[in-house]
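# Structural characterization, general
Here is what each chain is made of, one letter per residue.
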Amino acid sequence: MYSRREPVQLTMFQVDAFSATTLSGNPAAVCPLTEWLPDEKLQAIAAENNVAETAYFVPNGENYQLRWFTPQVEVDLCGHATLAASWVLFHELSTKTEMLRFETRGGELRVRRDGNKLAMDFPGTVPQPCTPPPGLLPALGIQKATVLEARDYVVVVESEAEVAALSPDFMALKAVTKFGVSVTAKGHNFDFVSRWFGPRVGVDEDITTGAAHAWLAPYWADQLGKSLLTAEQGGVRKGQVTCEVKGERVILSGYAATYLKGVVNV
């Protein structure tokens, strides 16, 4: 006989990261927990939310354990959902500390208040030249580019207009990527611009991918001869990131705004 199980109620926030206002930047769902739910439940909630990332955190002494899920998979590193989780801790849950420390699958991440912005301290990666899969550039609709590799492929094109005009074949792109791909160019109003595509992990296009700037910033710092850079990512909807390359670390700074808060039954 079927018996109805009483749902568990969880507080949920949706935060627009890398934007000073709502309805811009990159949405992330944030779910504070007191203890971890089963992984299948975390993944199911992320699929139900259907935004690029859902972040969960659990207190661990003075630190927090932090995990991120796309609608399809758990990931090792995510910038915009880290910014969103930090925004919730600082501005919705009134955490008094000036520095948050997160324990993640990608290592320790630190986030501090920086005026009205939040500044995330990420490990930097210098992308290396690579031989791309034969179908990568055709899937992006690009004829000529420099291709590098970090966690994602990094495709460097000649102009900001070329980045803006991209219309990838997502089915083809899913077949030739291991995780995601950034397409980037020198910018006009920003030091560099980019767009990020990840159909392999259930995100056709991510609006502003903080983690990708941990390798885009070192590349452009070398190309432009400067350590402090401004960046914009996105197609129709965009977000803005300030990047500072400090040795093997990259400081990623941005605004955030709470769009939604409520209770979910799971």
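Residues numbered from 1 in each chain as written. Predicted model: local features only at pLDDT ≥ 70, side-chain atom pairs only at ≥ 80, totals over all residues. Heavy atoms only, no water.

This part covers the overall build of the protein. Across its full length, the protein holds six helices and 18 strands. Against the 2.2 N^0.38 benchmark of 18 Å for 266 residues, the protein shows a C-alpha radius of gyration of 18 Å, consistent with a compact globule. A separation threshold of at least 6 residues defines the contact pool for the protein, and within that pool the share at least 24 residues apart is 61%. In the structure as shown, the protein presents an accessible area of about 12,400 Å², 49% of it carried by carbon and sulfur atoms. On the protein, the mean spot of the 24 positive side-chain charges and the mean spot of the 30 negative ones are 2 Å from each other. (Helix = DSSP H or I, 4+ residues; strand = E, 2+ residues; numbered from the N terminus. Rg over C-alpha atoms; globule rule 2.2 N^0.38 Å. Contact = heavy atoms within 4.5 Å. Areas by Shrake-Rupley, 256 points an atom, 1.4 Å probe, with all protein chains shown as cover. Lys, Arg positive; Asp, Glu negative; His and termini not counted. Charge placed at Lys NZ, Arg CZ, Asp CG, Glu CD.)

Let us now look at unusual backbone geometry. Here the phi dihedral of Leu23 falls at roughly 65°; this positive angle occurs in a residue that is not glycine. Its location among the elements puts Leu23 in the loop between β1 (9-17) and β2 (26-32). By relative accessible area, which is 61% here, Leu23 ends up exposed. (Buried < 20%, exposed > 50% of the residue type's maximum accessible area, 1.4 Å probe, protein only.)

The two faces of strand β6 (residues 99-104) differ: Leu100, Phe102 and Thr104 on one face are buried, but Met99, Arg101 and Glu103 on the other face are not. Two strands pair when backbone bridges link them, and strand β4 (residues 63-69) and β6 are joined in this way by two bridges, in the parallel orientation. Of the residues in β6, the one forming a bridge with Tyr64 is Phe102. Taking the residues that link successive antiparallel strands as the turn, the β6-strand β7 (residues 107-114) hairpin has two residues. (Pairing = 2+ DSSP bridges.)

Among the six residues in strand β12 (residues 181-186), five count as buried, and that is most of the element. Sheet topology places β12 next to strand β13 (residues 192-198); six bridges connect them, and they run antiparallel. Bridge assignment links Val183 to a residue of β13, and that residue is Arg195. Between β12 and the antiparallel strand that follows it, β13, lie five residues.

What follows concerns the packing of aromatic side chains. All chains considered together, the criterion is met by seven aromatic pairs. An angle of 80° between the planes, with centres 5.7 Å apart, marks the rings of Phe57 and Tyr64 as edge-to-face. We note that Phe57, like Tyr64, is buried. Both rings, one in Tyr219 and one in Trp220, keep their centres 5.1 Å apart while their planes meet at 80°; by these two values the pair is edge-to-face. As far as the burial class goes, Tyr219 and Trp220 line up, both buried. Put simply, the rings of Phe57, Tyr64 and Phe102 touch in pairs and so form one group of aromatic residues. Stacked on the ring of Trp36, the Lys or Arg Arg67 has its end atom at 5.0 Å from the ring centre. (Phe/Tyr/Trp six-rings, centres within 6.5 Å; stacked < 30°, edge-to-face > 60°. Lys NZ or Arg CZ within 6 Å of the ring centre and 35° of its normal.)

We now examine empty space enclosed by the protein. Throughout the structure, instances matching the rule amount to one cavity of 30 Å³ or more. Empty space within the largest cavity amounts to approximately 110 Å³. What lines the largest cavity is a set of 17 residues, and nearest its centre among them are Glu53, Arg151, Trp196, Asp206 and Thr209. Sorting the residues of the lining of the largest cavity by element identifies α2 (79-92) and β14 (203-206) as the ones contributing at least two each. (1 Å grid on protein atoms, 1.4 Å probe; cavity = no way out; pocket = protein on both sides within 12 Å on 5 of 7 lines; lining within 4 Å. Points joined across faces, edges and corners; volume = space filled by probe spheres on them.)

A separate point is the pattern of salt bridges. Applying the stated criterion across every chain, the model contains 14 salt bridges. Between Glu74 and Arg67 there is a salt bridge, with the nearest N and O atoms lying 2.8 Å from each other. Close ionic contact of Arg110 with Asp121 constitutes a salt bridge, the shortest N to O distance being 2.9 Å. Separated by 11 residues along the polypeptide, Arg110 in strand β7 and Asp121 in strand β8 (residues 117-123) bring together distant segments of the chain. The class of Arg110 is partly exposed, set by a relative accessible area of 22%. (Salt bridge = Lys/Arg side-chain N within 4 Å of Asp/Glu carboxyl O.)

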